[in-house]
Amino acid sequence: MNVIRKPSWFIPEREATSEAAFMNRRSLLAAMGLGAVAASTPRAYAAAPFADAATHPNYRDAGRKITPETINATYNNFYEFGSHKQILQEAQSLKTDGWTVTLDGLVEQEMKLSTDDLIAKMGLEERVYRHRCVEAWSMVVPWVGFSLSKLVALASPLSNAKYVRFETFLDDEMARGQRQHWYPWPYVESVTIEEASNDLPFMVMGAYGQVLHKQFGAPIRLHLPWKYGFKSIKSITRISFVEERPKGFWEELQAKEYGFWANVNPEVDHPRWAQATERDLETGERIPTQLFNGYGAEVASLYTGKDEEFGDRLWR
Ligand SMILES: Nc1nc2c(c(=O)[nH]1)N[C@H]1C(S)=C(S)[C@@H](COP(=O)(O)O)O[C@H]1N2
Ligand SMILES: [Mo]
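The structure displayed is predicted, hence computed values, not measured ones.

### A short note on the site of ligand 1
Working step 1: As a structural note, the neighbourhood of ligand 1 is formed by 19 residues, with Asn76, Tyr79, Glu80, Ser232 and Lys234 the closest of them.
Working step 2: Residue Asn76 places a side-chain N or O atom 3.0 Å away from an oxygen atom belonging to ligand 1.
Working step 3: One of the side-chain nitrogen or oxygen atoms of Arg221 is found 3.0 Å away from an oxygen atom of ligand 1.
Working step 4: Protein chains bury 99% of the 530 Å² of accessible surface belonging to ligand 1 in isolation.
Working step 5: Taking a 2 Å distance to the grid points as the criterion, the majority of the atoms of ligand 1 fall inside the largest pocket.
Working step 6: Partitioned by chemical class, the residues of the shell around ligand 1 number 9 nonpolar, 7 polar and 3 charged.

Set out below in structure tokens:
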């Protein structure tokens, strides 16, 4: 049985998860044709199909040790549940049952997809990615999900679609952080359609071989490993194809500090701190930061000839 990955400190499923959520994940297995097996082994649903996802050959390891789940799962940035890093408890009020993601805007046909639909249509694979927060800490996570480019292909955007805009839920009953009215809720992020069509951007539905923990942005979040962490929006409910560049949550708050591009660059300091090095979340060691967080081979070509657009180079 696939129960080995559950660390002892983690809240047991029966306490952290409502009956409805349990049923929903059961139906997720049914969609994969695994329902019968899951029903006879009740605890396996949390691991499969995530535990069975094949690892992408190019992203088997990130050149650094994977950050232990116990560390990553107890140090999170998720402002919907508080403006600190001890989000674990508070985030358990996130309700993921019946979750849907709407694809709309400049597309041939709008769509509303359940988590089951997404898994069935997109398939799942594992990729080990480095994550670099703009606050200069970093980690390595084995995500399970699918390439955003597949979702772009499914949506068939119209030729005037220039940006992909992502939006998180809005519900201040469920997420008390959203009662802090000085923040521009809901959390929004966006990338260009060229960036979204690259293979690297990853739609994440699991981590460490399991269903995504709530504090990681369940049931579906984005990870853009060459950009600062704030671009990697959690708990996505809507993906829109638009012509005008949207303003992100942090850009709306402080555009000079959190620009649109936000590509990791050790040579361009944040106005309030240096970006040349980063703190490994596990060891606490300071290590050198790499241009594009080391993913230049995959993404650097997206930015050639864009010098004018970058202006002061702040977020190149
Ligand atoms: N909806 C939402 N997405 C979000 C955030 C947030 O506060 N709300 N924080 C971002 C930041 S700044 C980082 S570093 C990562 C943190 O992801 P982690 O908690 O899984 O490490 O999520 C990003 N996505
Ligand atoms: Mo971050």
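### Focus: helix α6 (residues 148-155)
Working step 1: Restricting attention to buried positions, one finds in α6 the residues Leu148, Leu151, Val152 and Ala155. Summarising the axial view, the buried residues of α6 lie within an arc of 105°, below the 170-degree limit, and thus occupy one face.
Working step 2: Backbone geometry just downstream of α6 places Ser156 in the positive-phi region, at approximately 45°.

### Focus: the packing of aromatic side chains
Working step 1: Per the counting criterion, the structure on display carries 23 aromatic pairs.
Working step 2: With 5.2 Å between their ring centres and 85° between their planes, Phe249 and Trp250 make a pair best called edge-to-face. For the pair formed by Phe249 and Trp250, the shared burial category is buried.
Working step 3: Each member of the aromatic cluster is reached from another via a ring pair, and the members are Tyr79, Trp182, Tyr183, Trp185, Tyr187, Phe230, Phe249, Trp250 and Tyr258.
Working step 4: In this structure, Arg130 is placed above the aromatic ring of Tyr295, and the distance from its NZ or CZ to the ring centre is 4.3 Å.
Working step 5: It is Lys231 that lies over the ring of Phe260; its NZ or CZ is 4.4 Å from the centre.

What counts and how
- Residues numbered from 1 in each chain as written.
- Chains lettered and ligands numbered in written order.
- Predicted model: local features only at pLDDT ≥ 70, side-chain atom pairs only at ≥ 80, totals over all residues.
- Heavy atoms only, no water.
- Near = heavy atom within 4 Å.
- Polar contact = N/O pair within 3.5 Å; in protein donor to acceptor, adjacent residues only side chain to side chain.
- Areas by Shrake-Rupley, 256 points an atom, 1.4 Å probe, with all protein chains shown as cover.
- 1 Å grid on protein atoms, 1.4 Å probe; cavity = no way out; pocket = protein on both sides within 12 Å on 5 of 7 lines; lining within 4 Å.
- Sits in = over half its atoms within 2 Å of the grid points.
- Nonpolar A, V, L, I, M, F, W, Y, C, P; charged D, E, K, R; others polar.
- Buried < 20%, exposed > 50% of the residue type's maximum accessible area, 1.4 Å probe, protein only.
- Helix = DSSP H or I, 4+ residues; strand = E, 2+ residues; numbered from the N terminus.
- Arc of directions from axis to C-beta.
- Phe/Tyr/Trp six-rings, centres within 6.5 Å; stacked < 30°, edge-to-face > 60°.
- Lys NZ or Arg CZ within 6 Å of the ring centre and 35° of its normal.

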